[in-house]
Amino acid sequence: MKMIEFPRTFPLRTFVVCFTIWLIATEVLVFDEIKFNARIELLEQAGRTLRAPEVIVPSERSSDLPKGANMQTL
């Protein structure tokens, strides 16, 4: 008679590794966004002190897509 084998549970070690990778990636994205916002603030401040309309501050990040690639906004 063959015993019914129950599937193994999800290993805790794998969960911890995946969670750690996700956490690091999220922190990188958050700090990158903070750095981007700080640069935009400095550009706006420089534009106000110069009172020059030539200073254009981007409202969105430029994409690093290859030439000819299309990007859609969700």
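Higher on the page you've got the structure.
It should be emphasised that the depicted structure is a prediction, and the values quoted were computed from it without experimental measurement.

**As for the overall build of the protein chain**
Logical step 1: When its secondary structure is counted, the protein chain shows 1 helix and 0 strands.
Logical step 2: In the protein chain, buried positions account for 4% of the 74 residues.
Logical step 3: Element-wise, carbon and sulfur atoms account for 64% of the exposed surface of the protein chain, whose accessible area totals about 7,900 Å².

**Considerations on a nonpolar patch on the surface**
Logical step 1: A contiguous nonpolar surface patch, about 760 Å² in accessible area, is contributed by F10, L12, F15, V16, F19, W22 and L23.
Logical step 2: Relative to the helices and strands, F19 is located in helix 1 (residues 12–50).

**Let's talk about the packing of aromatic side chains**
Logical step 1: The full count for this structure, using the stated rule, is 2 aromatic pairs.
Logical step 2: Both rings, one in F15 and one in F19, keep their centres 6.3 Å apart while their planes meet at 20°; by these two values the pair is stacked. Here F15 and its partner F19 are both found in helix 1, 4 residues apart, which amounts to about one turn of the helix.
Logical step 3: Judged by relative accessible area, which is 41%, F19 ranks as partly exposed.
Logical step 4: Between F19 and W22, the aromatic rings sit 5.7 Å apart at their centres with planes inclined by 35°, giving tilted as the arrangement.

**A closer look at helix 1**
Logical step 1: In a regular helix each residue adds 1.5 Å, so 39 residues correspond to 57 Å; helix 1 covers 57 Å between its end C-alpha atoms and thus fits that length.
Logical step 2: Positive phi shows up at R51, right after helix 1, with a value of about 50°.

Thresholds applied
Every chain is numbered independently, its residues counted from 1 as its sequence is written. Thresholds applied to this predicted model are a pLDDT of at least 70 for local features of residues and 80 or more for the giving and counting of side-chain atom pairs; totals over whole chains, interfaces and linings are not thresholded and use all residues. Where side-chain values are given, they derive from all heavy atoms of the structure, hydrogens and water being excluded. Going along the chain from the N terminus, every DSSP run of H or I of four or more residues is numbered as a helix, and every run of E of two or more is numbered as a strand. Summary of the burial criterion: residues with accessible area below 20% of their type's maximum are buried, those above 50% are exposed, and those between are partly exposed, where the area comes from a 1.4 Å probe applied to protein chains only. Method for areas: the Shrake-Rupley scheme with a 1.4 Å probe, in which residue coverage is limited to the protein chains shown. Here, patches come from residues exposed beyond 30% relative accessible area and free of salt bridges, joined within 9 Å for like charges and within 5 Å for nonpolar side chains (Val, Leu, Ile, Met, Phe, Trp, Tyr). In what follows, salt bridge is the name for a side-chain nitrogen of Lys or Arg lying within 4 Å of a carboxyl oxygen of Asp or Glu. Centres within 6.5 Å are what make two rings of Phe, Tyr or Trp a pair, Trp counting through its six-membered ring; a difference in plane orientation under 30 degrees is then read as stacked, over 60 as edge-to-face, and the rest as tilted. Each residue after the first adds 1.5 Å to the expected span of a helix.

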